[in-house]
Amino acid sequence: MSKIKVMHILTDTNIGGAGTLLYNAVCCGDRERFAYVVVLPRGSRLVERFRSLPCRVVTVACGQDRSMEWGALGEYVRVIREERPDILHTHAALTARLAGRVCRVPVCIQTRHCVFPLSAWQKNGLFRVAFRYGSRFLSDRVIAVADAARENLLLLGMDGEQIEVIINGVLPVRTCEAGEVDAVRAKWGLERSHFVVGMPARLEHYKGQETVIRAAARCKSVAPNMRFLLLGDGSQLDRYRALAQSLGVGDTVIFTGFIEDMAPYYALMDVNVNASFGTETSSLSLSEGMSAGVPAIASDYGGNPRMVTPGENGYLFPPHDDEALASTLLCLYSDRAQRDVLSQGALRLYHEKFTAPAMVRQIEDLYLRLMAEKGKGDAPLAADAH
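Residues numbered from 1 in each chain as written. Predicted model: local features only at pLDDT ≥ 70, side-chain atom pairs only at ≥ 80, totals over all residues. Heavy atoms only, no water.

**So, the environment of Val79**
Residue position: Val79 is located in helix 3 (residues 73-83). For the pair Val79 and Val60, spaced 19 residues apart in the sequence, the C-alpha separation amounts to 8.6 Å. (Helix = DSSP H or I, 4+ residues; strand = E, 2+ residues; numbered from the N terminus.)

**As for the environment of Ala183**
Of note, Ala183 is situated in helix 7 (residues 178-187). Linking Ala183 and Ala298, residues 115 residues apart in sequence, is a C-alpha distance of 28 Å.

**Here's the deal with the packing of helix 8 (residues 209-219) against helix 9 (residues 237-246)**
How two helices pack is summed up by the angle between their axes together with the distance between the axes. Helix 9 packs onto helix 8 with a crossing angle of 15° between their chain directions and a minimal axis gap of 10 Å. Judged by the angle between their axes, helix 8 and helix 9 are roughly parallel. Helix-helix and strand crossings are classified by hand; for helix 8 and helix 9 the assignment is right-handed. Packed against helix 8, whose contacting residues are Gln209, Glu210, Ile213 and Arg214, the element helix 9 presents Arg239, Tyr240, Leu243 and Ala244 at the interface. Looking at the contact of helix 8 with helix 9, its residues break down into 4 nonpolar, 1 polar and 3 charged. (Axes fitted to C-alpha atoms, helices over the stretch in contact; angles between N-to-C directions. Parallel < 35°, antiparallel > 145°, perpendicular 65-115°, else oblique. Left-handed = near helix turned anticlockwise from the far one by under 90°. Contact = heavy atoms within 4.5 Å. Nonpolar A, V, L, I, M, F, W, Y, C, P; charged D, E, K, R; others polar.)

**Topic: the packing of aromatic side chains**
Evaluation of the coordinates by the stated rule reveals 6 aromatic pairs. Measuring from centroid to centroid gives 4.9 Å for Trp121 and Phe127, while their planes differ by 90°, and the two rings are edge-to-face. Among the aromatic residues, those joined into a ring-pair cluster are Phe34, Tyr36 and Tyr367. Between the NZ or CZ atom of Arg136 and the centre of the ring of Tyr133, over which it lies, the distance is 4.8 Å. (Phe/Tyr/Trp six-rings, centres within 6.5 Å; stacked < 30°, edge-to-face > 60°. Lys NZ or Arg CZ within 6 Å of the ring centre and 35° of its normal.)

**Quick word on the sheet that holds strand 9 (residues 226-231)**
Taken in spatial order, the 6 strands line up as 10-9-8-11-12-13 in an open sheet, and their pairing is parallel. The outermost strands of the open sheet, each flanked by one partner alone, are strand 10 (253-257) and strand 13 (314-317). On average, each strand axis in the sheet is tilted by 20° relative to the strand beside it, whichever way the strands run. Sheet topology places strand 9 next to strand 10; 4 bridges connect them, and they run parallel. The partner of Leu230 across the bridge, within strand 10, is Phe255. (Pairing = 2+ DSSP bridges.)

**Structural notes on the sheet that holds strand 2 (residues 34-41)**
Taken together, the 7 strands give an open sheet; going across it, the order is 3-2-1-4-5-6-7, and neighbouring strands pair in parallel fashion. Either end of the sheet is taken by a strand with one partner, and the two such strands are strand 3 (56-60) and strand 7 (163-165). In this sheet, adjacent strand axes meet at a mean angle of 25° when their direction is disregarded. Relative to strand 3, strand 2 runs parallel, the two sharing 5 bridges. The residue bridging Pro41 from the neighbouring strand is Val60, located in strand 3. Across the sheet, helix 1 (residues 17-27) touches strand 1 (4-10), strand 2 and strand 4 (87-91), and the angle it forms with strand 1 is around 165°. In this fold helix 6 (residues 147-156) packs onto strand 5 (107-112), strand 6 (141-144) and strand 7, with an angle of close to 165° to the strand it touches most, strand 7.

Here it is as structure tokens:
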């Protein structure tokens, strides 16, 4: 039986949630049934990462961090016609979806990775009708990576039967040697006595690092051994550094820049924070932290409440509320027994809900179901005896 060729198109130039999710999917894919092609913009940080996997990597000059780019249509059409995929799976990349229909790819799928507040014009009835019919034309199915993403799509006007909810899954963070973790501590001036609060996220306004920095200022006098690691690059770096200095926490808030290998950082974290108030669905950094047994403290926004069960694997706080975040951090700072309970709960919930193989099996089952509907495939994976 010939393999089903799946082409993924992603426009990200940095390594974010969508890129990590796609990497996990290709890592865990069924290579006996599927052949994967990954299309990325030239210069993307993801290119070398995907070249280490058993997939074909194609780079294009267009589409750098832009979903819609009319000038990219011709290049996407050329690549799709050259590769002739059975399934086109896009991540945003509206132009690529148009190209897929132009090329009459048998199955077209989109993944919705984010949640966005609706603007006034998006709530308009005419927009909702246009969005519904446009979605039907461009995609045979839309994968929502969390219930919050599904709800967001429904508010935009999409038909519920077009949406398939498949929760993000991640590969477990590797176990680190003690010397490797000690080297990271030394690099950033961390002592074993420090209580380390980590936040892996792009430094963008909607990710909420400002709330974390203000919480750090509230905690400093009460918990002088608390340190905050903001792990990531982004457009707000200079502003956040200036804010930390102005609040007197320039020495306790550490900006690491982009980190390729997060494993030793999760190993030294006491708490993993997500303070987002925009776009968040099912956070990969929360899942990765849980795989390493790190308790989560997350904003009560988007998909976070479905990932964090208060008292079981972490706690929630209202978005923007630095006082509530500081209060929660201080409670855990002084209660090691409770941190141990949350750590055990984080590991348990990761294995129950957030593994990459479970996610990939659902995605590939959807591929086979849609191919069968088009008369081009066999039974879904769920029907297999293995």
